[in-house]
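Here are the chains, one letter per residue:
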Amino acid sequence: TSVLLCNSASRSGQSCDTVTCRDSLLFAKKTELCLEINVANISGLDDQNNETEMTDFKASVVAFEVQKNFANKFFSNKAVAKSLIDDTSGNLLDNLYKLLYVFTKNKKDSEKTTRNIIKIAIKIGMLQRGDKFSREEKTNLVQIQKNLRTVAMTLISFYQVDHTYDRNFVIKYLTELETLLKNLISNHLTDKSVGRVEQIFGVVKTPEFLDSVYVPKKNSEMREIMGVVVSDLNCCLEAGIL
């Protein structure tokens, strides 16, 4: 190749060094352009993958699988056949998954936490429908529902009203809710289910997670998704689900 370049240069009256230098610069520019295009393509693919991972989780599908499996193991009648996760609850859980995904940057961890929420909610609902709770446990369940409603209203208020966020207040109520849930299910479900409750609260009651949602400008993407979650929480409250 170098011989051909030198012969061509000689015929055109140019030196071999001049042609070689010019070709080297041209090659370098082409290489740089290709690298820029590849980087842009890779970045675009990453964005697409992230968007897909954020939207391909469907709470209603998971809830159906959990409810079916639990019913087959523990119930023999049709009292628990009706779905325990309606569209309103499903939307809330879908958007909660997105919030967790943005926080963790990990699809597997986000799915694990959301699935655990669904599993615990479904199992408690089915135990209630199957009349498996004692009178005392039913009283405790009412207290859990009250605490859950208080937490939901608090999360909404802290989002909608500036300068009202109180991290310790939220953690206090979430810790109480965790204890009540573990006490309720410990006589009916396995230690694995108790561990699921601990895993859930081990994420959502951490200062880092709460601050990422409520501290201005700490995480703008989480803040935006939380606006949708707040809307879902309001819908659940209005529908009497919470």
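Basis of the calculations
- Residues numbered from 1 in each chain as written.
- Predicted model: local features only at pLDDT ≥ 70, side-chain atom pairs only at ≥ 80, totals over all residues.
- Heavy atoms only, no water.
- Helix = DSSP H or I, 4+ residues; strand = E, 2+ residues; numbered from the N terminus.
- Contact = heavy atoms within 4.5 Å.
- Areas by Shrake-Rupley, 256 points an atom, 1.4 Å probe, with all protein chains shown as cover.
- Axes fitted to C-alpha atoms, helices over the stretch in contact; angles between N-to-C directions.
- Parallel < 35°, antiparallel > 145°, perpendicular 65-115°, else oblique.
- Left-handed = near helix turned anticlockwise from the far one by under 90°.
- Nonpolar A, V, L, I, M, F, W, Y, C, P; charged D, E, K, R; others polar.
- Core = buried A, V, L, I, M, F, W, Y, C linked by side-chain atoms within 4.5 Å.
- Buried < 20%, exposed > 50% of the residue type's maximum accessible area, 1.4 Å probe, protein only.
- Phe/Tyr/Trp six-rings, centres within 6.5 Å; stacked < 30°, edge-to-face > 60°.
- Lys NZ or Arg CZ within 6 Å of the ring centre and 35° of its normal.
- 1 Å grid on protein atoms, 1.4 Å probe; cavity = no way out; pocket = protein on both sides within 12 Å on 5 of 7 lines; lining within 4 Å.
- Points joined across faces, edges and corners; volume = space filled by probe spheres on them.
- Expected span 1.5 Å × (residues − 1).

Participant: Help me understand the overall build of the protein, please; the structure alone is not making it clear to me.
Facilitator: When helices and strands are counted, the protein shows 10 helices and zero strands. In the protein, the order of α-helices and β-strands from amino to carboxyl end is α-α-α-α-α-α-α-α-α-α. Across the protein, contacts joining residues at least 24 apart in sequence account for 70% of those joining residues at least 6 apart. Accessible area for the protein stands at about 14,800 Å²; split by element, carbon and sulfur atoms hold 53% of it.

Participant: What's the story with the packing of helix α5 (residues 107-129) against helix α8 (residues 191-204) in this structure? I'm lost.
Facilitator: If you want to describe how two helices pack, look at the angle between their axes and the distance between the axes. For the pair α5 and α8, the least separation of the axes is 9 Å and the interaxial angle reads 130 degrees. Our classification of the angle between α5 and α8 gives oblique. The handedness of the crossing between α5 and α8 comes out as left-handed. Side by side, α5 and α8 meet where Lys112, Thr113, Asn116, Ile117, Lys119, Ile120 and Lys123 of the first sit next to Ser193, Arg196, Val197, Gln199, Ile200 and Val203 of the second. The class makeup of the residues in the contact of α5 with α8 is five nonpolar, four polar and four charged.

Participant: I would appreciate a short explanation of the nonpolar core in the present structure.
Facilitator: Side chains of nonpolar character tend, in soluble globular proteins, to be buried together. Counting 56 residues, the largest nonpolar core has Leu99, Ile118, Ile124, Phe201, Met226 and Leu233 as the members making the most contacts within it. Elements with a contribution of two residues or more to this core: α3 (59-74), α4 (87-104), α5, α6 (135-160), α7 (167-185), α8, α9 (207-214) and α10 (220-238). Sequence-distant contacts of Met226, that is, excluding residues within four places in its chain, are made with Leu99, Leu155, Tyr159, Val213 and Tyr214.

Participant: It is not clear to me how the packing of aromatic side chains should be interpreted in this structure. Could you clarify?
Facilitator: Given two aromatic rings, one states the distance between the centres and the angle between the planes to describe the pair. Counted by the stated rule, this structure contains seven aromatic pairs. The interplanar angle of 85 degrees and the centroid separation of 5.1 Å between the aromatic rings of Phe103 and Phe209 together place this pair among those described as edge-to-face. Within this pair, whereas Phe103 is found in helix α4, its partner Phe209 is found in helix α9, the two being separated by 106 residues in sequence. For Phe209, a relative accessible area of 6% translates into the label buried. Ring pairs connect the aromatic residues Phe158, Tyr165, Phe169, Tyr173 and Tyr214, which therefore count as one cluster. Stacked on the ring of Tyr173, the Lys or Arg Lys172 has its end atom at 4.9 Å from the ring centre.

Participant: Would you mind showing me how to read the layout of surface pockets here?
Facilitator: If a probe as big as a water molecule is rolled over the atoms, it shows which places are left empty. If you add up the space inside the largest pocket, you get close to 1,400 Å³. Where the lining of the largest pocket is concerned, the elements lending two or more residues are α4, α5, α6, α7, α8, α9 and α10. Top element by residues in the lining of the largest pocket is α5. It accounts for eight residues. For the lining of the largest pocket, a count of residues per class yields 34 nonpolar, six polar and three charged.

Participant: Is there a simple way to explain α4 in this structure?
Facilitator: Structurally, the α-helix is built with 3.6 residues per turn, so residues lying three or four positions apart point the same way. The terminal C-alpha atoms of α4 lie 26 Å apart, and with 18 residues this matches the ideal 26 Å at 1.5 Å per residue to within 8%. Among all positions in α4, only Ser89, Gly90, Leu92, Leu93, Asp94, Asn95, Leu96, Tyr97, Leu99, Leu100, Tyr101 and Val102 are buried. The first or second residue beyond α4 is Lys105, which carries a positive phi of 60 degrees.

Participant: Sorry, what's going on with the packing of α4 against α5 here?
Facilitator: Contact geometry for α4 and α5: axes closest at 8 Å, N-to-C directions at 145 degrees. α5 is crossed by α4, and the crossing has right-handed handedness. Contacts between α4 and α5 pair Leu93, Leu96, Tyr97, Leu100, Tyr101 and Thr104 from the former with Lys107, Ser110, Glu111, Thr113, Thr114, Ile117 and Ile118 from the latter. A per-class count over the contact of α4 with α5 returns seven nonpolar, four polar and two charged.

The values reported here are purely geometric and, on their own, carry no functional implication.
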